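Residue-level structural notes
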Amino acid sequence: MAKEFDVVVYGATGFTGRLVAEYLIGNARGKRWAMAGRSAGKLAEVRDLMGAPADTPLIVADASDEASLADMVARTKVVLTTVGPYQLYGNELVAACAKGGTDYVDLCGEPAWMRHMIDAHADAAKASGARIVFSCGFDSIPFDLGVLYLQDIVKAEAGAPAPRIKGRVRKMQGTFSGGTAASLKATMAAAAKDLSILGHLKNPFALTPGFEGPSQPMGLMPEYDSATGMWAAPFIMAPINTKSVHRTNALLGHPYGTNFKYDEMLFTTIGDAGKAAAEAIAKINPMASDKGPKPGEGPSKEERDNGFYDIVFIAEGPDGKTRKAAVTGDRDPGYGSTSKMISEAAMLLGETEAAGGIWTPGAVMGHPLIERLERHAGLTFRKEA
């Protein structure tokens, strides 16, 4: 049966959901899309404030109303959801998509919940043909695709994949989203009640059920990087991104090898100043402060437009040579770039030929997504000398 919409933006009245809808107003490129949320009145208000066409379809759906979710899912090829924390508001939607054969993308940075969804719904998604794709924003697209991109370079030049890659954030301007902070707090509260959640958080292979790879570098302490002369500090998103990278490797049949090692850190600078900065960052939990944005809040357009990020991936090749690739984004990571990435991922997923299941962006869309993000979303992927 033909679907009414190509993409439905669920959570379109929230801060990030609204950014997604604003992006689609000018960049849908013929795709049929709709806005969805709990309140018809609020949806209409946001639609009008954004300057969206007056005939932009509105769908009322609520995470607590399974019938409304089922109706929404039945009308679209892809559900794009920004309604988090997903462990609180995402269970029923994933179940509905997996059952109904509807594709799904989100911004999830909650690996324990993702593992629970894999265990609960992977078989149903395979049976229905639904492609469920988590982590389609700053966590974890630039990192997932950056490793994929560099490994292809290494394999082409050295004849085999790199057994070790380091992801290092060189520069970044912009805040983490309020939803990210809320998700971490919800995860910590859940872990206090269920110790198995803590086990998933600590395990680099939590998202690869049935496969346990080698011991991984943890990136929890300040570290001097002799290859660059820089000091590195722990990176708050690493426990999410590294798991996604390992899942991509597993889903693709281990093209990086079964002994692949990967970690992520944040570069500071050289010398004693770099060491001091790395040590200071290691003591700070940026999610613990109440000064950052709350869910539904975020930076101004000027702040989003002035944000950016620059990530370098460093491979230790099987031939003993070091190779590098960089991924950059032209907006702040948590909002401006994320809203473009998930929008493009949702539109591409609906065009992608792949079996049903619970995927990663790199495993299900791979190089076509790299090309699309470079063409439309302000990302660049390049080899470095």
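Structural notes, computed from the coordinates. (Residues numbered from 1 in each chain as written. Predicted model: local features only at pLDDT ≥ 70, side-chain atom pairs only at ≥ 80, totals over all residues. Heavy atoms only, no water.)

**Concerning the overall build of the protein chain**
Helix and strand counts for the protein chain stand at 15 helices and 14 strands. Radius of gyration (C-alpha) of the protein chain: 20 Å, near the 21 Å computed for a compact globule of 385 residues. Dimensions of the protein chain along its principal axes, counting C-alpha atoms only, are 55 × 45 × 45 Å. Looking at the protein chain residue by residue over its 385 residues, the buried ones come to 53%. Taking the intrachain contacts of the protein chain between residues at least 6 apart in sequence as the baseline, contacts between residues at least 24 apart amount to 77%. (Helix = DSSP H or I, 4+ residues; strand = E, 2+ residues; numbered from the N terminus. Rg over C-alpha atoms; globule rule 2.2 N^0.38 Å. Buried < 20%, exposed > 50% of the residue type's maximum accessible area, 1.4 Å probe, protein only. Contact = heavy atoms within 4.5 Å.)

**Details of the layout of surface pockets**
In this structure, the second largest pocket encloses a volume near 230 Å³. Taken together, Leu19, Glu22, Tyr23, Lys301, Arg304, Asp305, Arg331, Gly336, Ser339 and Lys340 make up the lining of the second largest pocket. At the level of secondary structure, the elements contributing two or more residues to the lining of the second largest pocket comprise helix H1 (15-27), helix H12 (301-306) and helix H13 (333-349). Looking at the lining of the second largest pocket residue by residue, the classes come out as 2 nonpolar, 2 polar and 6 charged. (1 Å grid on protein atoms, 1.4 Å probe; cavity = no way out; pocket = protein on both sides within 12 Å on 5 of 7 lines; lining within 4 Å. Points joined across faces, edges and corners; volume = space filled by probe spheres on them. Nonpolar A, V, L, I, M, F, W, Y, C, P; charged D, E, K, R; others polar.)

**What to know about the nonpolar core**
Side chains that are nonpolar tend, in soluble globular proteins, to be buried together. Counting residues in hydrophobic clusters, the biggest one holds 95 residues, and the most contacted among them are Met72 and Phe134. Per-element accounting of this core gives the leading share, 9 residues, to helix H7 (residues 141-158). Contact partners of phenylalanine 134, with chain neighbours within four places excluded, come to Val94, Tyr104, Asp106, Cys108, Trp113, Met114, Met117, Ile358, Trp359 and Pro361. Counting 5 residues, the second largest nonpolar core, distinct from the first, contains Ala232, Met265, Val312 and Ile314. (Core = buried A, V, L, I, M, F, W, Y, C linked by side-chain atoms within 4.5 Å.)

**Structural notes on unusual backbone geometry**
Glycine 84 connects to proline 85 through a cis peptide bond whose omega is -5°. Its location among the elements puts proline 85 in the loop between strand S4 (76-81) and helix H4 (86-89). A cis amide bond, omega 20°, links aspartate 139 with the succeeding residue serine 140. Within the fold, serine 140 resides in the loop between strand S6 (131-133) and H7. At serine 135, a residue that is not glycine, the phi angle is positive and equals roughly 60°. The topology assignment puts serine 135 in the loop between S6 and H7.

**Concerning empty space enclosed by the protein**
What the rule picks out here adds up to 1 cavity of 30 Å³ or more. Here the largest cavity is characterised by a volume of approximately 70 Å³. Put simply, the parts of the chain that give the lining of the largest cavity at least two residues each are helix H6 (111-128) and helix H10 (238-251). Across the lining of the largest cavity, the residue classes break down as 6 nonpolar, 4 polar and 2 charged.

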